[in-house]
Amino acid sequence: MPSRCLGSALVRIGCLTFALLASVAWLTTQVDAEESSLLPDEQRWIEEFESARIAGIAKAMPSTVMVFVPGGGGGGSGVLISEDGYALTNFHVSSPAGTYMRCGLSDGKVYDAVVVGIDPVGDLALIQLLGREDFSTAEFVPSRSVQVGDWCFAIGNPFLLATNLQPTVTAGIISGVRRYQYPSGTLLEYGNCFQTDASINPGNSGGPLYDNDGDLIGIIGRASFEKRGRVNVGVGYAISGDQAQNFLGCLHSGRVVDHATLGATVGTDEDGSVRVTNILSSSDAYRRGLRYGDEILEIDGQVIQTANDVQNILATFPSSWRIPITYRQEGTSVETLVRLASVHRGSELLEKMKSALPPPPPAPPKPPASPESDDASPESPEDSNAKSSPDEPEQSQPDNSKKAMKDAAGEPVPEIAVNQIEVREGYANYYYNQLQQTKFIERLRRQFEEATTDDSVWKINGTAIPVADNQQPSEFQLTIGEGQFEFKIGNDVERLSRGDELLRVVDEQRDAGILACLSALQRMLAIGPKQFGDTYYWGTMPLSGKRPLRDTVIGIHSDLETRFLHHPESERLEVIESIAGTDTDPAELWFGTDNGGIPSTMQLRYGTTTVLNLQIDDWSVEQAGQPQAPDAPINGDAS
């Protein structure tokens, strides 16, 4: 019987279990009893249920990770989610280890592991176990399908007891959903999480909460304890699988990821409605028309019933996501898209991380070091394989400075891990960001292969299709190259040549904003992310509020921030966003294509308004008369 059906039969299970136990007791004292009080179908049902639970645990056990901080200074649990070793755990578990840790699996083997990305606000960390490409993995179930009363079990490393690499299993039910746990400052916030009575103790942190079929419900993170002693009272919490998957793309970026805010506060009115009590005029929500007193109806398709619902749902989104919101204003419902801002500004999150966490448990005394203990581990076959990987970043040449890396116990970090660690301010591990940047530019140049040269001038011709009733179709011509940018539509001509001019037309939300988007595209194709400006892989985000999540790279040049959004399956560039500042809408250039190569259509949008709709007849590439050096800025660059 499927486990989901069991949730609605809890009372029956309890009655049947009680009846079974009662029957066993009765049989003990009534040796002359002739038959059980259970009907044959009921007996068979219980046996099938118990068999399914045991099979679910056996299925889940191999994907459970036991995390150990080198030197014995703490640890916790985790869960593998990909065959190449990516695993989720808590930020507060990985933090004491720094970038390198050791992880054990139920197969009795210990693996080197490195931190990939961290989410200190939501208490998540992505790590990668090294040395294999065929790890057992767990599969997420949709969080909305998890109901109060569903059976569940936690597998992990409570009190770091799994020194024999055999994790502990505790069982229980989902005893609450959509729970909210207040953060410490602005870190370690648990929104929309699951509550369970399965025993959760220190060391279970970061580990998986599975359903009865052995599929992944969420990531365990905290528990409520009796105040005067760390006594479990059967109230543990798990970060929802939906939230974890929202952040996965960002965690793969190797960044320190921030959470989102609406830029408004809400409260519950006397009539039970949830209404805006304050709103920042600089927020995108304000630009989309949301005002004081408006009633919030839905966020990302989820119905809002209480003010707590707003906090709960927003806590599950990374910053900069654009999500659908429905609100009621003066009796009229408004559906719109809102870009969420970051909770923290600048380096504020990094500063809070430094003092937010308690120190790790004291490490046990070290045994006397042998003379050979300072030597680096000999290179293994896995090391050689890692170096020959096609995804290896360009800077993967031997770096003598990395040989001196030490783990949390002060011992040398093995070379297999050293090769996948790149320290950079603001990142958890810049190595993984470089990997994604390489994939991005390869995809981009593959799509625009015919237009990728160092010294080219683009000539794009076609027809402008009316976007308003008072417009007529007209011809257009775009010229991009040699530091000159021209947009001719009908009899109107706009010529720009400086970075500050591109910034200005975007800020003023003019048609010429298309020049800013196309010039950024040409620059990225010609010189790549390493020379474009401050460029990094951001992660994944929805496109206009819709999934699948798009891979997103950000490049900043001439004070203009450009976002490149790729479809994860077709790998086609779908949208370029040029952002002049936080107080105005970005210029969005949407590409349409018939064959995945050079676009056949372009749309320019600001906010939710389309200002240009262009049908492309010809996209030609000409050699520039006076080619620029690859790293030269555009003429008159204001940067």
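Right above here is the structure, for reference.
Residues numbered from 1 in each chain as written. Predicted model: local features only at pLDDT ≥ 70, side-chain atom pairs only at ≥ 80, totals over all residues. Heavy atoms only, no water.

### What to know about the overall build of the protein
Link 1 in the chain: Within the protein, the regular secondary structure consists of 14 helices and 31 strands.
Link 2 in the chain: Burial analysis of the protein (639 residues in total) assigns 52% to the buried set.
Link 3 in the chain: In the protein, 61% of the contacts between residues at least 6 apart in sequence involve partners at least 24 apart.
Link 4 in the chain: Accessible surface, the protein: about 28800 Å² in total, of which carbon and sulfur atoms supply 49%. (Helix = DSSP H or I, 4+ residues; strand = E, 2+ residues; numbered from the N terminus. Buried < 20%, exposed > 50% of the residue type's maximum accessible area, 1.4 Å probe, protein only. Contact = heavy atoms within 4.5 Å. Areas by Shrake-Rupley, 256 points an atom, 1.4 Å probe, with all protein chains shown as cover.)

### A closer look at the pattern of salt bridges
Link 1 in the chain: Tallied over the full model, the rule gives 31 salt bridges.
Link 2 in the chain: In this structure, Arg547 and Asp300 form a salt bridge, with 4.0 Å as the shortest nitrogen-oxygen distance. Within this pair, whereas Arg547 is found in strand β26 (residues 546–557), its partner Asp300 is found in the loop between β16 (295–299) and β17 (302–303), the two being separated by 247 residues in sequence.
Link 3 in the chain: Assessed through its relative accessible area of 13%, Asp300 is described here as buried.
Link 4 in the chain: Notably, a salt bridge pairs Arg498 with Asp500, separated by 3.0 Å at the nearest N-O pair.
Link 5 in the chain: The partly exposed category is assigned to Arg498, whose relative accessible area is 34%. (Salt bridge = Lys/Arg side-chain N within 4 Å of Asp/Glu carboxyl O.)

### Structural notes on the sheet that holds strand β2 (residues 75–80)
To summarise the sheet geometry, strands pair through backbone hydrogen bonds and adopt either a parallel or an antiparallel arrangement.
Link 1 in the chain: A barrel is described by the order of its strands in space; here six strands give the closed sequence β1-β2-β3-β6-β5-β4, paired in antiparallel fashion. Ignoring which end each strand starts from, the neighbouring axes of this sheet average 40° apart.
Link 2 in the chain: The pairing of strand β5 (residues 110–119) with strand β6 (residues 124–129) spans six bridges and is antiparallel. Pairing of Ile118 across the sheet is with Ala125, part of β6.
Link 3 in the chain: Helix-sheet contacts for helix α5 (residues 241–251) involve β3 (86–89), β5 and β6, and the interaxial angle to β5 is about 100°. (Pairing = 2+ DSSP bridges. Axes fitted to C-alpha atoms, helices over the stretch in contact; angles between N-to-C directions.)

### Examining the packing of helix α12 (residues 499–507) against helix α13 (residues 513–527)
Link 1 in the chain: For the pair α12 and α13, interaxial distance at closest approach is 7 Å and the crossing angle is 130°. When the axis of α12 is compared with that of α13, the two are oblique. Our pair here, α12 against α13, has a crossing hand that is left-handed. Between α12 and α13, the contacting residues are Leu502, Val505 and Val506 on the first element and Gly513, Leu515, Ala516 and Ser519 on the second. (Parallel < 35°, antiparallel > 145°, perpendicular 65-115°, else oblique. Left-handed = near helix turned anticlockwise from the far one by under 90°.)

### Overview of the packing of aromatic side chains
Link 1 in the chain: Applying the stated criterion across every chain yields a total of 14 aromatic pairs.
Link 2 in the chain: Between the aromatic rings of Tyr431 and Tyr432, the centroid separation amounts to 5.1 Å while the plane-to-plane angle is 80°, which identifies the pairing as edge-to-face. One exposure class covers both Tyr431 and Tyr432, and it is buried.
Link 3 in the chain: Geometrically, the ring pair formed by Phe532 and Phe564 is edge-to-face, given 6.3 Å between the ring centres and 80° between the ring planes. Of this pair, Phe532 sits in helix α14 (residues 529–532) while Phe564 sits in strand β27 (residues 560–566), and the two are 32 residues apart along the sequence. Phe564 shares its class with Phe532; the two are buried.
Link 4 in the chain: One aromatic cluster is present, built from ring pairs that chain together Phe448, Trp458, Phe591 and Trp619.
Link 5 in the chain: The ring of Tyr286 has Arg291 lying over it, and the distance from NZ or CZ to the ring centre is 3.6 Å. (Phe/Tyr/Trp six-rings, centres within 6.5 Å; stacked < 30°, edge-to-face > 60°. Lys NZ or Arg CZ within 6 Å of the ring centre and 35° of its normal.)

### Digging into helix α11 (residues 430–447)
Each α-helix turn comprises 3.6 residues. Residues three or four places apart therefore point the same way.
Link 1 in the chain: The end-to-end C-alpha separation of α11 is 26 Å, in line with the 26 Å expected for 18 residues at 1.5 Å each.
Link 2 in the chain: In terms of burial, α11 is a largely internal element, 14 of the 18 residues being buried. (Expected span 1.5 Å × (residues − 1).)

### Overview of the nonpolar core
Link 1 in the chain: Within the largest apolar cluster, 72 residues are counted, with the highest numbers of intra-cluster contacts made by Leu88, Leu262, Ile299 and Phe317.
Link 2 in the chain: Per element, the largest residue contribution to this core is five residues, and it comes from α5.
Link 3 in the chain: Sequence-distant contacts of Leu88, defined by excluding residues within four places in its chain, comprise Gly78, Val79, Ile81, Ala125, Leu126, Phe140, Gly206, Ile219, Ala244, Leu248 and Leu251. (Core = buried A, V, L, I, M, F, W, Y, C linked by side-chain atoms within 4.5 Å.)

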